[in-house]
Amino acid sequence: MAELYDQTVAVLNGAGFPLYEISNFARADHRSRHNLKYWTDAPYVGFGLGAHGYVGGERRANRRDLDGYLAAVEAGVDPVTWREPYDRERRLEEALFLGLRVVDGVDLERLGARYDADLAAQHAAAWERGEAASLITREGSRVRLTPEGRVRSNELFAELIGDPA
């Protein structure tokens, strides 16, 4: 499977569709802006029936049933049906591993500042093991997966989620 993945990357890159996320390829001006919001921990607002949003650290979803949605809107009531409250640790873990899926990687200082965490120190052992296994490269505070790291990314992601000890 790893060989097939590497061949896919090479063929698509050669055809003008470079890898920009671990499983996504596109010309630079055609990257999925929608998905990049998820991978880069950016807020997004959802309007309408069944729409989802992520604002102020809270995830939410609007009602999916048209009659209930319209009744709520007509009554001046927020049509939200589901909320996931802010959980700093969970959001930080997701931002870290989803950000690493993007070819540009993650700026640990910038992401750490957003979540008040020293990610270089907090996960120092994971970064050292990842570098020793050629899964990541580090340039200043930026960490990126290598081609080998993209194939074996779950090894690193599992180490980054949960207790960093």
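In case you missed it, the structure is sitting above this.
As a starting point, this report considers the structure included with it. Counting restarts for each chain: residues are numbered from 1 in the order of the written sequence. At least 70 in pLDDT is required for a residue's local features to be given in this predicted model, at least 80 for side-chain atom pairs to be given and counted, and no such filter applies to totals for whole chains, interfaces and linings, which use all residues. Hydrogens and waters are ignored; side-chain quantities use all the structure's heavy atoms.

## Thoughts on the nonpolar core
Inference 1: To define a nonpolar core, start from buried Ala, Val, Leu, Ile, Met, Phe, Trp, Tyr and Cys residues and group those joined through side-chain atoms within 4.5 Å. Note on classification: 1.4 Å probe, protein chains only; a residue is buried when its accessible area is under 20% of the maximum for its type, exposed when over 50%, partly exposed between these limits. Within the largest apolar cluster, 22 residues are counted, with the highest numbers of intra-cluster contacts made by L96, L100, L111, W127 and L156.
Inference 2: A helix here means a DSSP run of H or I that spans at least four residues, while a strand means a run of E at least two residues long, and both kinds are numbered starting from the N terminus. Those elements giving two or more residues to this core turn out to be α4 (88–101), α5 (108–115), α7 (124–132), β8 (142–145) and α9 (153–160).
Inference 3: In terms of residues, this core owes the most to one element, α4, which gives four residues.
Inference 4: By definition, residues are in contact when any of their heavy atoms lie within 4.5 Å. Contact partners of L156, with chain neighbours within four places excluded, come to L100, A126, W127, I136 and L145.
Inference 5: One finds Y20, A26, W39 and L98 within the second-largest nonpolar core, a separate group that totals five residues.

## Brief notes about the sheet that holds strand β3 (residues 52–55)
Inference 1: Here we have three strands laid out as an open sheet, ordered β3-β4-β5, and antiparallel in their pairing. Taken across any chain shown, the strands that pair with only one partner, and hence form the sheet edges, are β3 and β5 (80–84). Mean inter-strand twist for the sheet, computed between neighbouring axes without regard to direction, equals 20 degrees.
Inference 2: With four bridges joining them, β3 and strand β4 (residues 58–62) adopt antiparallel strand pairing. In the strand pairing of β4, G53 is matched with R60. DSSP-based pairing: two strands are paired if at least 2 bridges between them are found. Axis lines are fitted to C-alpha atoms, over the contacting stretch for helices. Their N-to-C directions set the angle, which ranges from 0 to 180 degrees.

## Looking at the pattern of salt bridges
Inference 1: Basic side-chain nitrogens of Lys or Arg form a salt bridge, by our definition, when they fall within 4 Å of a carboxyl oxygen of Asp or Glu. In this structure the tally under the stated criterion is 17 salt bridges.
Inference 2: Here R129 and E159 are joined by a salt bridge, their closest N and O atoms 2.1 Å apart. With R129 in helix α7 and E159 in helix α9, the pair connects residues that are 30 residues apart, well separated along the chain.
Inference 3: R129 gets classed as partly exposed once you look at its relative accessible area, which sits at 47%.
Inference 4: For E148, the salt bridge goes to R152, with nearest N and O atoms at 3.2 Å.
Inference 5: A network of salt bridges, in which partner residues are shared, links R59, E84, R90, R91 and E94.

## Comments concerning the packing of aromatic side chains
Inference 1: Paired rings are identified among Phe, Tyr and Trp, the last through its six-membered ring, by centres lying within 6.5 Å, and are further divided according to the angle between planes into stacked (under 30 degrees), edge-to-face (over 60) and tilted (the rest). Under the definition given, this model contains four aromatic pairs.
Inference 2: Both rings, one in F97 and one in F157, keep their centres 5.6 Å apart while their planes meet at 45 degrees; by these two values the pair is tilted. In this pair, F97 sits in helix α4 while F157 sits in helix α9, placing the two residues 60 residues apart along the sequence.
Inference 3: Given the relative accessible area of 21%, F97 is considered partly exposed.
Inference 4: Geometrically, a lysine NZ or arginine CZ counts as sitting over a ring once it is within 6 Å of the ring centre and also within 35 degrees of the ring normal. One Lys or Arg, R59, reaches over the ring of Y54 and ends 5.5 Å from the middle of that ring.

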